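# Chains, contacts and geometry: an overview
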Amino acid sequence: ALAPAQAAGGQGRLAVLAVATSVDAAAAGAALPALGAPVLASCAVISAITAALSAAGVAIGSRAGARLGSAEIVGGLVLLALAIKVLIDHEAFAG
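Definitions and cut-offs
Residues numbered from 1 in each chain as written. Predicted model: local features only at pLDDT ≥ 70, side-chain atom pairs only at ≥ 80, totals over all residues. Heavy atoms only, no water. Helix = DSSP H or I, 4+ residues; strand = E, 2+ residues; numbered from the N terminus. Buried < 20%, exposed > 50% of the residue type's maximum accessible area, 1.4 Å probe, protein only. Areas by Shrake-Rupley, 256 points an atom, 1.4 Å probe, with all protein chains shown as cover. Expected span 1.5 Å × (residues − 1). 1 Å grid on protein atoms, 1.4 Å probe; cavity = no way out; pocket = protein on both sides within 12 Å on 5 of 7 lines; lining within 4 Å. Points joined across faces, edges and corners; volume = space filled by probe spheres on them. Nonpolar A, V, L, I, M, F, W, Y, C, P; charged D, E, K, R; others polar. Salt bridge = Lys/Arg side-chain N within 4 Å of Asp/Glu carboxyl O. Contact = heavy atoms within 4.5 Å. Patch = residues over 30% accessible without salt bridge, like charges linked within 9 Å, V, L, I, M, F, W, Y side chains within 5 Å. pLDDT = per-residue confidence, 0-100. Polar contact = N/O pair within 3.5 Å; in protein donor to acceptor, adjacent residues only side chain to side chain.

The next point concerns the overall build of the chain. The secondary structure content of the chain amounts to 3 helices and 0 strands. The order of α-helices and β-strands along the chain, N terminus first, is α-α-α. Each of the 95 residues in the chain was classed as buried or not, and the buried ones make up 2%. For the chain, the exposed surface amounts to about 7600 Å²; the carbon and sulfur share of it is 74%.

What follows is the structure, given as structure tokens:
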């Protein structure tokens, strides 16, 4: 069982992730009508992909956590690598 401090820390992290997800959803919600995308079809596709990727993330995270002790560092490094790739693809470093 988790100590009360660990449980509270986990809830704080969960709250931060919930806010980040909400900001992402708000951006998608503003972009879909601007693109003229069909709302119901878009919601169905987004829901299916989100469910599949969430399930995969839970499975991969639990395996990585069991092997590494904590998957947070690995997850952070993956996000950092993706951010750098996006910056390079968009030529953010071009002079």
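Here the narrative resumes, following the displayed structure.
In this section: helix 3 (residues 72–89). With 18 residues, helix 3 should cover 26 Å at 1.5 Å per step; its first-to-last C-alpha distance of 26 Å lies within 8% of that length. Directly beyond the C-terminal end of helix 3, a positive phi value near 55 degrees is found at Glu91.

Its boundaries defined by the atoms lining it, the largest pocket holds a volume of some 560 Å³. Broken down by secondary-structure element, the contributors of at least two residues to the lining of the largest pocket are helix 1 (4–35) and helix 2 (39–68). Considering each element in turn, the lining of the largest pocket owes the most residues, 12 residues, to helix 2. Within the lining of the largest pocket, the residues separate by chemical class into 10 nonpolar, 8 polar and 1 charged.

On to the pattern of salt bridges. Scanning the entire structure with this criterion turns up 1 salt bridge. For the salt bridge of Lys85 with Asp89, the shortest nitrogen-to-oxygen distance reads 2.6 Å. Here Lys85 and its partner Asp89 are both found in helix 3, 4 residues apart, which amounts to about one turn of the helix.

Bringing the side chain of Ser42 into the picture now. Assignment of secondary structure puts Ser42 in helix 2. Those residues in contact with Ser42, other than ones at most four positions away along the chain, are Leu32 and Ala37.

On the surface, Leu68, Val74, Val78, Leu79 and Leu82 cluster together into a nonpolar patch covering about 470 Å² of accessible area. It is helix 3 that contributes the most residues to the nonpolar patch, 4 residues altogether. Here Leu79 is to be found in helix 3. Residue classification places Leu79 among the exposed positions, given a relative accessible area of 59%.

Now for the confidence of the model for the chain. With 84% of its residues at a pLDDT of 70 or more, the chain shows a mean pLDDT of 80. Mean pLDDT across the elements of the chain bottoms out in helix 1 (75) and peaks in helix 2 (87).

Asp89 gets classed as partly exposed once you look at its relative accessible area, which sits at 49%. A polar side-chain atom of Asp89 sits 2.6 Å from a polar atom in the side chain of Lys85.

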